[in-house]
Every structure is written in C-alpha cells, then in structure tokens.
Number of protein chains: 6
Amino acid sequence: MERNVITDYLDSYLEIGSFTDDSANGLQVENSGTVDRIGLAVDACHESITKAAQAGCNLLVVHHGLYWGRQELVLDHHYQRIRDLIIADMALYTAHIPLDAHPEIGHNRVIAEHLELVDAEPFALYHGRAIGVKGRFKRLFSRTEAASEVEKVIGCRQGFLTFGPDIISTAAIVAGSATDTALFRELKREGIDLFITGEPKHGAFHLAREFGLNIFYGGHYQTETFGMKALGEHLHKRFSIPVSFVDAPCIF
Amino acid sequence: MERNVITDYLDSYLEIGSFTDDSANGLQVENSGTVDRIGLAVDACHESITKAAQAGCNLLVVHHGLYWGRQELVLDHHYQRIRDLIIADMALYTAHIPLDAHPEIGHNRVIAEHLELVDAEPFALYHGRAIGVKGRFKRLFSRTEAASEVEKVIGCRQGFLTFGPDIISTAAIVAGSATDTALFRELKREGIDLFITGEPKHGAFHLAREFGLNIFYGGHYQTETFGMKALGEHLHKRFSIPVSFVDAPCIF
Amino acid sequence: MERNVITDYLDSYLEIGSFTDDSANGLQVENSGTVDRIGLAVDACHESITKAAQAGCNLLVVHHGLYWGRQELVLDHHYQRIRDLIIADMALYTAHIPLDAHPEIGHNRVIAEHLELVDAEPFALYHGRAIGVKGRFKRLFSRTEAASEVEKVIGCRQGFLTFGPDIISTAAIVAGSATDTALFRELKREGIDLFITGEPKHGAFHLAREFGLNIFYGGHYQTETFGMKALGEHLHKRFSIPVSFVDAPCIF
Amino acid sequence: MERNVITDYLDSYLEIGSFTDDSANGLQVENSGTVDRIGLAVDACHESITKAAQAGCNLLVVHHGLYWGRQELVLDHHYQRIRDLIIADMALYTAHIPLDAHPEIGHNRVIAEHLELVDAEPFALYHGRAIGVKGRFKRLFSRTEAASEVEKVIGCRQGFLTFGPDIISTAAIVAGSATDTALFRELKREGIDLFITGEPKHGAFHLAREFGLNIFYGGHYQTETFGMKALGEHLHKRFSIPVSFVDAPCIF
Amino acid sequence: MERNVITDYLDSYLEIGSFTDDSANGLQVENSGTVDRIGLAVDACHESITKAAQAGCNLLVVHHGLYWGRQELVLDHHYQRIRDLIIADMALYTAHIPLDAHPEIGHNRVIAEHLELVDAEPFALYHGRAIGVKGRFKRLFSRTEAASEVEKVIGCRQGFLTFGPDIISTAAIVAGSATDTALFRELKREGIDLFITGEPKHGAFHLAREFGLNIFYGGHYQTETFGMKALGEHLHKRFSIPVSFVDAPCIF
Amino acid sequence: MERNVITDYLDSYLEIGSFTDDSANGLQVENSGTVDRIGLAVDACHESITKAAQAGCNLLVVHHGLYWGRQELVLDHHYQRIRDLIIADMALYTAHIPLDAHPEIGHNRVIAEHLELVDAEPFALYHGRAIGVKGRFKRLFSRTEAASEVEKVIGCRQGFLTFGPDIISTAAIVAGSATDTALFRELKREGIDLFITGEPKHGAFHLAREFGLNIFYGGHYQTETFGMKALGEHLHKRFSIPVSFVDAPCIF
C-alpha cells in the first residue's frame, strides 16, 4: 500500500508534531513510496536495518532514529545505515517522546498493563507533557517480591537500588533512561514506593540514596521494546498489513 | 585510486577546516572508497549528480553542497540526491568559502587572472578572512568598455548598475552573491571603480546608487564555474586522474 | 491632521504588533506631529524620500523600512535618509509582513483580485501566520497563456520556470522574494499549478525543477507596489487626506 | 577641517575597536563633513547637544552615546536628539570603555594624577582589559582626611561607606558606576583601603559592608568629566582646533 | 508548625511560579522543617540574617534573595550568609516581582493605600504583567505639596526631579529601581503627573527631563519595606504565628 | 595550615582556569580557613562528605562537585550536602576535566602507568585539549588476556564489547563516561585495538559494533579513583599534610 497513508496515520495517531523533543520525529528517510511489510525496532542501528530488509520490510518504525536536531553528514555509521535503507528501498519513521507518552501503546502504559497497575495515570512532566505512568500494584509486595514481579514482566534486571521503603504499594514507570533531579523530586513528593526505568547511570546512585528511593533498572533496550510491539499490533489491525518486530538487543 | 588520498589532499590544499562558513565543507557523503574519475560542479543538484554519474565519476566536488549547518532529513530533493549518489557509489565533497578565498584556484583569483588585473590582492573580509580579490586593469577603460571586457571573460551579463565613475581603473571581484552594507562601505573607501559579482538582488539597487557604485552582475552560476574548473585541472595534474567539469547551468 | 491619529489607526488596521518579523513595523522616525499628505512607497530609499518630500508628504509609509532588528547607526546611506526625512519634517512608518498578510489590502490579496482568482484563501505559513494567497483561475489556461495573463496584471516578467504541469488551474502568490524549501513542499502538496512571486534566486532554480513547479517571477519591486497602492486608497477614503504613491522602481 | 581626519585619529588614539563594550564606540551620527569646533560632554543628552550647537561645535564627543548594541528607532528623546544634531550639522562620536581605560587621558588615570597617587597601575579587569587604576597616596591619611582630599579633587561627595580600615594608604578608582562582586573581590584581595567610584547603588551597600570596604562616591557625572576635559585638551593641542567642554550636570 | 505548610501557601498566595523574573522566587534555602517565627526583610544580607536569627526566626522571607538565575558558589558573602542561615536552622524564601505586583500586599498597592489614591489600577507592564499601580490623589496638589505628602508616607526623600507639570492630580508607583525608556513612555502617554519610585539613577535624569516628568525618589530600601510588612501581617493573621519585620536599612 | 595556600597551589598545579568545562572547577564551598587533613573522593555525595568529616578532614577535593554551570538552590540533596559541609567546617574543591587531562596525576595517565603502556601520549580532544591517553602494551595480547590484565589493574569489569581485532597491541583510556561519535571516529582512525573507559551506555553498543571497536568498561566510579588517589599522594608529599582517600563506591 502507499507509504504516505501509513505515515500520515502515524503522524496523527502519535500526535507526532506536538512534543518538544530533540528527536526529529516522523519520516526521516523516504523510499520509493510503497509499503508491503512494516518493521518495528527500538534502534535504527545497522543490525535492525539489515534484519528488517531480510524480513522484506519497506518501512521501519523506530524509537531511536538517525536525527536528533543536529546536522548529520552521510559518513561512517550514518553512511552505512542510510546506504542500506536506500538499497533496500526501505523508509525510516521515528517516534521518540510520542511513544513514551502515548496513552494506548506507549512503553510505560503497556508496561503498566502488564504489571496490572490500578489507577494508572500520567506522571513525569517533560516540557509540560507527562511521559511516564504511575499507579498502584493490586496488592502490597515486599520490596524483593515487587522486583521479582517486575523482572518477570520486563524480562531483564540490570540493577536494583533499595534506598526506599520495604513495603511496595505504588509504582511509576519511565522506560529508557531517566535520572534528572526534578524527576527524583517528583517521585519523592508523590510517594512512589518503586520507580521502574531502563538504564543504570552513575549519576543516579547517590541521588537515589539521598532521596530515599527504590529504583528497578529493566534495561534501556528491554523497556523500550514494549511500545514498539504494541504499535506493531495496532498497525497490523488497522491496515491488515504484515508487521515484524525486529529484535536487535543491546546488552546495556 | 583511494578516495581518502584525494579528500585528505583537498582538506589540506583548500585549508578546509579553517574558515567560518555555514556550509559543512569537506566530505559530505561517502562512497565505497575508490575513485576513478572526479566530477566538478557548482551545485549538488540532481542534474549535476545524474550527469556526473553518467560520466563515470565516483567523486563529485561542488561549491554548493547538501549541508549548511542545519539538520536535513533524507526527504524530497534530499532523498533524490542522496539516493542517486548512493546508487552511483559516488562520494560528495564540498568547498564553499574555501573556494572563494583560495589564493591559487579560487573563483575570484582565477577571474582576476582572466581579466589580467595587476597588483591583485585580497579584498572583502568575511569573519576575518578576505574572500574576494581587487586590482587594477592594465589600462583605463570607459565604463561601457569595461563592462564589455568583463562580459567577454565571464560569458554572461545579468545586470549592470552604473552609479559610479565613468572612467574605470580599479576593480574588485566577489563571485556568487555579495550585497551587504559592510562590503559596499569597503568598496567606497577603497575607491573601487567597478565591482564584479554574480547575482542581482533587489536589496542592492538603491544601496549601490546611494553609495555611488558601478556593479557588474555576471550571474551566480557563471561566476562560480571558474574555481571549479581550475580545481579540476589542479587535481588532474596532481593525481593524473580523469576529471570532468559537469555543467548544470542555472538561468539566474 | 495629527500624525498619531493616522499611525494609531494603522497600528490597529494592520495588526502591526501581532506578527513575528525582523522588520521593526510601525513608526520608525517621528516628525513634528502634523500630516497633510501621505506618501506610500515600497522602499525607504533616498529616492523615495526625496520624491515624497517634493510631493509635500509629511508621512511616508513603506514596505521596507530602515530598521530590521539590529542596531543601525546614523551613517552613510542611513545618515542621508534620516537627514532628509528630518529636514523635510516627514515621519516614516513601516509595514512589512503585516502588508504581505493583510486580508484586504495585502499585496497578495490585491494581486489575486486583479487575477480574478476564485476560492482565494490564505497560504504559505510564516511563524504560524499565512502570508500568501492561493486560489483558482476562472478557467483553465495553457502555461503560456497563464504567464501572459499574470504578466499583463503585474506589468513585469523577470523569469519563468516551467518545470510543472502544462495546464494551469490553481495559482498561489507570495509577493517579494520567496524561495524556502518548506514553501516549495507546500506548493507541491497543495497541488499549485503556478506559483507567482517577485525576485528570481539562484537557489530556487534547481529546487523548482526537482519539485516540478512552475514559477512566474514578476519582480520584487513590482509585486510589492500592489499593497502600497491599495493601502493609499484605503487611507484616502478613511481620512479624506491626500495620498501619493511614490514610484522608485528597482530593475531587479 | 575634515571630520574624518579627527575621527580617524580618535579611532586610533583611543584604540576604539579593541574593547568589548555594549556601547557602539566611534562615530554614531555623521554630519556634512567639516569640523570647526569640537564639543566634549559626558552624556549625549538634549542639553549637551543644544549647548554644543550654541557654542558652534560641529562634532560632539561623548562618554555615553545614543547606541548601546540594540536597535533604536528615531522616536521620543532619540528623535529630539538626532533631529537637533542633524539640524546643527553636528556629528556625534562616542568613547565609553576606551575612555575609562585610556592610559593617558582616561577618567581614572587623570583622577589618579589629581590625587597624586604613586605607583599607579591598571586595575579592575573587564573582559580581560583593566579599566581602572590603583596606587598609593603620598602619605598615610585617616579615613576622614582621605575622603576630604578626594572630595576636594572631584568636587562632589554623594556617599561614603566606611566599612574598611581606618588608616588609608592605597586607593583604586573606577569612574561612573562600579558595583559587581568580582570587583569587590579584587578590591579585598589587593588590599585597597579606599575605593573611589561615582554612583551609589542599593546593591553595593551590604556587599561593601560584608567585604569590609571603604567606598567614596564622587557622582557618576562628576567622575566622568575628567577624561572628557583631558581629551579636549589633547585634541586642541594635536589639531590646534577650538574645543569646548559642555557641562550638562546630573544631580545623581 | 511545618515549614512546607507556610511555603506552599506562599507559593499559591503570591502566584510564585507565574512571573518572568531573574530572581529564583520561592524557597531558596531549606531548614530542618519547623517554623516558630517568621522574619520579613527587604534584603537577604548578613545583617538581616543575623538579626532574624537573634529574634528567633526559622524562616526568613525577603524581597531580594540570594539567587538571580546564575550559578552562585558558596564563597565570600554567599558563604557567610548561607553558613549563618544553616547554623541558625533558618530557611530562606524569596518573592521579588510577585511582591511588586501583588494586588493585596504588593509594595505599590500598599503605598497607594497609604497615599489614599483613588481609582487605583495596575500599571507598568513587565513581561506582560503589570507590576506597578497608578491612580489619582483625592485632591489637587501643588508639586511641592505632593512631594511633602509622599515623603511623609514613605519616610524618605532621596531626590525629586521636577520636569513635569506644576499641579499634581495623577500618580504612579513602582517601588525599588525603575528607569527604563518603555516605562517613561508609558508615564507620558498615560498622563501621570507624579511618578514615585525608589532609587535615583544617573541614566534617569536627562531622560526624565526630555520626557517632561516629575519623579519622586523615596529610596530603594524604604519603598520596598511596605510589601514585606504587609505580608508579615497577612501571615500572622493567616497562621497565628509570630512574625518580625527585620530592619536592615541601606542609606541608598 | 591555611586553606588558601593549598587551594592556590591546586589552581596552579591543575591549571584549573584553563579548561572549557561545565563543572565549576576550583573552590566551591568555603570553610573558616584552616585545613588539618585533606580528603579526596570521586563524588561530592552525602556519603563522601559524612565519611570525610568523620575522618577529620576540613578540605574535600572531588572530581564531581556540586556546581555544573547552572543555578543550584540549597534544597533537597544540595541542602543536605552543603549543610553537612558547613557544620563540619569543611571546604569543597573540585577538579573535573583538569583531573582527566593532567599529565602527572590525571586518571588516564595513572591508569596507563599501571598498565605499563609504552609511548603513552595525549589522546581524545575535548574543546581543543587532549583529555585521554593512548599507548602500546609491552607485548601483544589476545583480546581475552588484555581484558584480564585491565580488569586486574582497575579492579572492576562492567562490560566488554568485542567488535574489534582479536590481537591487542594498542590501547586508549578515557576514564568515566565516553561515548561520542567523534571519539569513536578517532579510535578507528588511530588504530586503537582496545578502548578502556568507565560507564557502559546503551548508545555505545551499536556504535561500537558498527565502528568495529573493542571497549572495556571498568566502571565510572572505579576508573576515576586513580587520579584522586594520585593527587592525594602528591598533596601529602608537597605539604606534609595528612590525606585520606574517601571511598564511596557506586555500583554503576
């Protein structure tokens, strides 16, 4: 089918132009105009592009694209990635913050559903828009139990900081990498017993300790597969077009 | 031969990293690494790329490249240009201000030689570097004669403002488009009888009149072919590699 | 009559403070306070000022004023212009983007009326405000016929790029100088058969070709006389004050 | 004589282009080109301009000019000042930081000479250039005596903060208004017993107290007459041209 | 009582987050969390901090705090101030523009009430918010009488510029330091017979003269005590907590 | 001894003012002026401050201080840290980039010595200054052996990317966190077989793979203990003052 039908729909469904984001969200690389299969991947890395091309995709939708607001010449890894997109006649579409924040298929919303959080609502303001989700577990957990539950859902545990309460009722989720002081202040003020994010950071350790927070690190890559898979299913239902989740895991 | 040998030489010969310039000078698009023929063109437009590919070039050196300091996605004309560069396995190299200012093969220097100006020396500061050339004709001309001489050399006359002296002894050259007030002030202060540039501008007309200047417009495109051709000859001599000047004229 | 009565009205009628514009729109140079005749000109050049003074104007309203957001000392051409305004006791008022965009007496709206375009509506966003007009001709034209029609209305043809369709139904107008990629993208997406603007630019030629557009260049100066004349008539009707259109044509 | 001969000399003598300064130093308003008498004033206020015109000056040299790096339209007081400069055919030349810092006729250097400071040397870095002067009195003073000495020389006392030592040996001078923390830190570190400046500021009071400084306020206007008068004498000697110091005192 | 109860109330009552202000309004320095007595002072100087500590305050509310948008290290006077706040276990809360603009306990509103101005309304836009107050005296005064009235209310006269009308009906108030051209233009346009502000400035003298304004200077410190005292009374009523106005006068 | 003697020496020995760095290098928090014992720590976290105070330090020298170029209020963790510094009468001194780049006691230089690299020289430009070190191992290693050697020296292995050559001759070191594209380009161009840095990043994984690099991650904290310990020994030798390395490890 025609590529513009799909990408116009994505622009609208993801409210792609309405977020403040370094990422150049939307279509980043054109193809000749037709799409038979959509690939969904976390990163626009060479591995994702190669695997998507092998799977017969002509449109690759990613969370981390190639353009982040700065001039990028077609050199080195950018050359290899763009060259292989063009040779495979495969377009590249990017949704970064719009996919963190999406109320249906956003990473955090989908993880909250898997965790069966109740009273889930928006959390973590970024330029005036909530990009995370907070809620309550269906029952009280000990801290150790809660971490096991989360690890089971996310499928990965890269670290667990235990500077907060022993009994866990409330949780908040921001997939990927989330360490700024304003967020930690919000976690404290809102009484979040367990914060779930992706990538551990040196800068977070002592901050978490001094704010008295429990933080579960489920991996930058792993926490950001949830929205991509959910978006794939959504597009499949909407357009009856084949979709493939393209797995190119990163050990960090 | 190896592309890096040529582009490293260009980086050094044109002092490519030493100018303040919006243009991202240097290599902008890679190819697979080998160069058999070098194309030289004024603009990295689709016509130049197509003609260079047909001529068998694997490296295209241009004055106006694809990147000017801002993020450019691979969409619309950028998609068409980059796609055809990649399919032809042709690299793109850009030299903007470095080719205006070059003391041997710069546009202005070469035009000055064709006009047989004497006592030619740098002129027209841009971020502290002279990018133009000034000098004296070998004899006095009437204004009409001088314009005919210049038209003969450049091969184009897009306009001629005659608000300056009737008798022409001195001339200054800045190829392309040059209209700012500081330049006009410099022309006046230095007593330049005839200023030669490329592209007419609405904003220049009354300014030239109020400063009392003669300005000959030889065409943006036409005045910027001189350096490209001279650089082609230089590379041919230096590397004994075939070169082609790729003509994609613009009527403005 | 009192100058402030007129300039307060202009501030309101042209919504002078509501546009993002480099131009310092509104009153730029005071006079002693009384106005007997209003001059209207495209440029605040020395020729316009001199002619307006000779015509007995004490208020000159222009499209291109003296201040564009940067500090300007009273030197060179600025000295001559301001000196002669002050000696003639003539105030200077500027309306740049507000006169491109005006729904009654804007350049583009007035040209559209002369061309008898139907379904005329705003076009060409600039910082969120439409500054141009688009519509349909009353009948289909061949491309050559359409250009003749437009030339007849505008009174000038500085270039005609014919990279678009042969049969012309729709047209869009942005007076002055309009070449940016976003505009060309909008022209393509909206299916505009003929784009009418003022000043040719080197940078537009290959872009127009690669986007497949027809572009008629009616001259920067000529296309911007329409709004000035219409505003003059409007002021004459409103205040029963004598007005003069001050013609200081620029060949570009 | 020709105005440019004088202003070119001033540009060179005062190293006018070499300072980081908000003030647009150098020629700010042209005249028709001839100068018979030079006026020197602290401020380019209407009173200075009127008095200079009455005295027959065609060039007014000031410390505080009309342009400070921002766009200024010719409205209100700017209109009145520029109008009267133009009607009097009087040019305006400005030297701000260059006149604070000048090693021969700078305000601070001249005040230091009147105070007969010994071992006078540059002090108070501003963007890497010293703009003040420091030195030692020829003998020890009590704090009260020192203030009397300074008041006698400057002719004005607008305030005297006595938070520093009782016995005064060293002094530093920065004419005009000087209150920033870095300067107070420098005064403390260099062991300056008495700091002499012009204009009292609310923000300086508690800062001076907490840094433990003595500060004598001689008036913004009064302390900045010294360099203007000295420059006038210098120009008179250099060009044998009549000069007038134009007194337009400010009570603050 | 708990500090956060009071500071949350202040954030809301003073709309602390809604103003464009260099000052970092709100809580600037924490304490251990309890407040028994609130001090109110104009400046967060060492004298205010010392006196507030002696009076037994654990929260000091000021108009001029320690942070103005730039990084401030804990050195020199900042070290002394922060050290003594921490040793006294006293928090610091700042309200700058929010206290100029407040419609009940703002400096200007309270001064207007003391002067018994009628038809008092907002005046003096700063980033789109009115920060001053204007109104009419209950009867006509001669200029001399009006100044005496104002001096009686404010308790201080640091200067009086008499370049405006002799008979005073209307007045406007902006406490502290207010000298910019836009304000003077507003005073003229609105026909304010007497402007009341705090701190004299060299830059205001000739401007006031050329705009034809009467300006009464009541002292930067003195004019800004009014809001602090009124806020103190308000907090005392609201929370039944002891409050102290901490007087640390500045002679300027 | 006097604190200023030590901090003036550090300013000079570390060339503290000569680097472009977000960190506010140098003294960040004062104490009352005397130092009996110097603590050295990687982070100015609460744990470091508490342990240093317990060890009797009155000066704490860190790699990551409290100020990074932005305004920081004395709230939350900043309040706790500054409060405990002040209560312990302990000053805080920071050296960030100056300690990466130092040619004697810099992290990278000291690690290179422990690894017995030969021909060690500066590497990794940051704002024109080399902050890393590169060299050759004394013999060839297999990749596995090399990693074991490095792990033995650094005492930590947080990750090992093996996308480069199997046989290791050359190595480069940048302690802490180092992932930008320009650095990876430099590693490739200089033929570095093994890159040693501290903190793993999601963004580095695919980049390392596509550039074909081996990267050993020794931990952000662990790699930055080397310079602190070396600086401690240096200060002990220089001033015969007791020093303590304060260990506050971070698991990331």
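Presented here is a report on the structure given in the accompanying data block. (Residues numbered from 1 in each chain as written. Chains lettered and ligands numbered in written order. Predicted model: local features only at pLDDT ≥ 70, side-chain atom pairs only at ≥ 80, totals over all residues. Heavy atoms only, no water.)

**Structural notes on the relation of the copies chain F and chain A**
Aligned on chain A, chain F shows an RMSD of 0.0 Å; the corresponding rotation is 180° and the shift along the axis is 0.0 Å. Taken together, the rotation angle and the small translation identify this as a two-fold axis. Most of the interface of chain F is mirrored in chain A, where 100% of its interface residues again form contacts. (Least-squares fit on C-alpha atoms with pLDDT ≥ 70 in both. Contact = heavy atoms within 4.5 Å.)

**Let's talk about the relation of the copies chain B and chain C**
With an RMSD of 0.0 Å, chain B superimposes on chain C once it is rotated by 180° and translated 0.0 Å along the axis. When the interface residues of chain B are mapped onto chain C, 100% of them are again interface residues, pointing to one common binding face.

**Describing the arrangement of the chains**
At the level of C-alpha atoms, the two units chain A and chain C stay apart, their nearest approach being 12 Å. Between chain B and chain F there is no contact, and the shortest C-alpha to C-alpha separation is 12 Å.

**Description of the pairing of strand β8 (residues 167-173) of chain E**
Residues and elements named next belong to chain E. Extensive coverage of β8 is indicated by the burial of 6 of its 7 residues. Where strand β6 (residues 129-142) and β8 come together, 6 bridges link them in antiparallel fashion. Residue pairing in the sheet places Arg136 in a bridge with Thr170 of β8. Where β8 and strand β9 (residues 194-197) come together, 3 bridges link them in parallel fashion. Considered in β9, the bridge of Ala172 is made with Phe195. Handedness of the crossover joining β8 and β9 through helix α7 (residues 181-189) is recorded here as right-handed. (Buried < 20%, exposed > 50% of the residue type's maximum accessible area, 1.4 Å probe, protein only. Helix = DSSP H or I, 4+ residues; strand = E, 2+ residues; numbered from the N terminus. Pairing = 2+ DSSP bridges. Right-handed = clockwise from strand over helix to strand, strands pointing away.)

**With respect to the sheet that holds strand β6 (residues 129-142) of chain F**
All names here are of chain F. Spatially, the 6 strands line up as an open sheet ordered β5-β6-β8-β9-β10-β7, and their pairing is mixed. The open sheet is flanked by β5 (118-126) and β7 (159-162), the only strands paired with a single partner. If you compare each strand with its neighbour and ignore which way they point, the axes differ by 25° on average. Along the sheet, helix α5 (residues 107-114) contacts β5, β6 and β8 (167-174); its crossing angle with β6, the most-contacted strand, is approximately 10°. (Axes fitted to C-alpha atoms, helices over the stretch in contact; angles between N-to-C directions.)

**Some remarks on the packing of aromatic side chains**
For the structure shown, the criterion picks out 36 aromatic pairs over all chains. For the pair Phe163 of chain F and Phe205 of chain F, a centre-to-centre distance of 5.6 Å together with 85° between the ring planes defines the contact as edge-to-face. Placement of Phe163 of chain F in the loop between β7 and β8 and of Phe205 of chain F in helix α8 (residues 202-211) is noted, with a sequence separation of 42 residues between them. The exposure class assigned to Phe163 of chain F is partly exposed, which follows from its relative accessible area of 27%. Note on Phe205 of chain F: relative accessible area 6%, which makes it buried. Ring-pair connections join several aromatic residues into one group, and the members of that group are Tyr9, Tyr13 and Phe239 of chain A. Taking the ring centre of Phe19 of chain A as reference, the NZ or CZ of Arg129 of chain A above it sits at 3.8 Å. The ring centre of Phe245 of chain C lies 5.0 Å from the NZ or CZ of Lys229 of chain C, which sits over that ring. (Phe/Tyr/Trp six-rings, centres within 6.5 Å; stacked < 30°, edge-to-face > 60°. Lys NZ or Arg CZ within 6 Å of the ring centre and 35° of its normal.)

**Side note on the sheet that holds strand β3 (residues 59-64) of chain C**
Residues and elements named next belong to chain C. Strand order in the open sheet formed by 5 strands is β1-β4-β3-β2-β11, and the pairing between neighbours is mixed. A single partner strand is all that each edge strand has here, and the edge strands are β1 (26-29) and β11 (243-245). In this sheet, adjacent strand axes meet at a mean angle of 30° when their direction is disregarded. Relative to β3, strand β2 (residues 38-43) is paired through 5 bridges, and the arrangement is parallel. Note on β3: the bridge partner recorded for Leu40 is Val61. Most of the contacts of helix α10 (residues 225-239) go to β2, to which it runs at about 165°, and overall it touches β2, β3 and β11.

**Description of the environment of Ser32 of chain C**
Residues and elements named next belong to chain C. Relative to the helices and strands, Ser32 resides in the loop between β1 and β2. Each C-alpha atom, one on Ser32 and one on Glu2, is 9.7 Å from the other, the two residues being 30 residues apart in sequence. Within the structure, Ser32 has its side chain in polar contact with the side chain of Asp89 (distance 2.5 Å). (Polar contact = N/O pair within 3.5 Å; in protein donor to acceptor, adjacent residues only side chain to side chain.)

**Observations regarding the pattern of salt bridges**
In this structure the tally under the stated criterion is 82 salt bridges over all chains. Ionic pairing is found between Glu47 of chain A and Arg209 of chain F, a salt bridge with its closest N-O pair at 2.5 Å. Placement of Glu47 of chain A in helix α2 (residues 46-54) and of Arg209 of chain F in helix α8 is noted, with the two residues assigned to different chains. The class of Arg209 of chain F is partly exposed, set by a relative accessible area of 36%. (Salt bridge = Lys/Arg side-chain N within 4 Å of Asp/Glu carboxyl O.)

**Concerning helix α6 (residues 143-154) of chain F**
Residue and element names in this part refer to chain F. Along its 12 residues, α6 runs 16 Å from first to last C-alpha, staying within 8% of the 16 Å computed at 1.5 Å per residue. For α6, the set of buried residues is Arg143, Ala146, Ala147, Val150 and Ile154. Take α6 and look down its axis: the buried residues cluster within an arc of 100°, on one side only. Of the residues in α6, the exposed ones pointing more than 90 degrees away from the buried face are Thr144 and Lys152. Just downstream of α6 lies Gly155, where phi reads positive at about 85°. (Expected span 1.5 Å × (residues − 1). Arc of directions from axis to C-beta.)

**Some remarks on the interface of chain F and chain A**
Listed as interface residues are 30 residues of chain F and, on the opposing side, 30 residues of chain A. Summed over both sides, the interface between chain F and chain A buries roughly 2,700 Å², with carbon and sulfur atoms accounting for 61% of that surface. Contact with chain A buries surface across chain F, with His202, Glu210 and Phe252 of chain F losing the most and accounting together for 29% of the total. The interface formed by chain F and chain A includes 6 salt bridges. For Arg185 of chain A, the salt bridge identified is with Asp76 of chain F, shortest N-O distance 2.3 Å. Put simply, chain F and chain A have 14 residue pairs in polar contact (both at pLDDT 80 or more) between them. Of all the elements in the fold, those that place two or more residues in the side of chain F that touches chain A are α2 (46-54), α3 (76-87), α7 (181-189), α8 and α9 (220-223) of chain F. For the side of chain F that touches chain A, the class distribution of residues is 13 nonpolar, 8 polar and 9 charged. (Buried area = accessible area lost by both parts, 1.4 Å probe. Nonpolar A, V, L, I, M, F, W, Y, C, P; charged D, E, K, R; others polar.)

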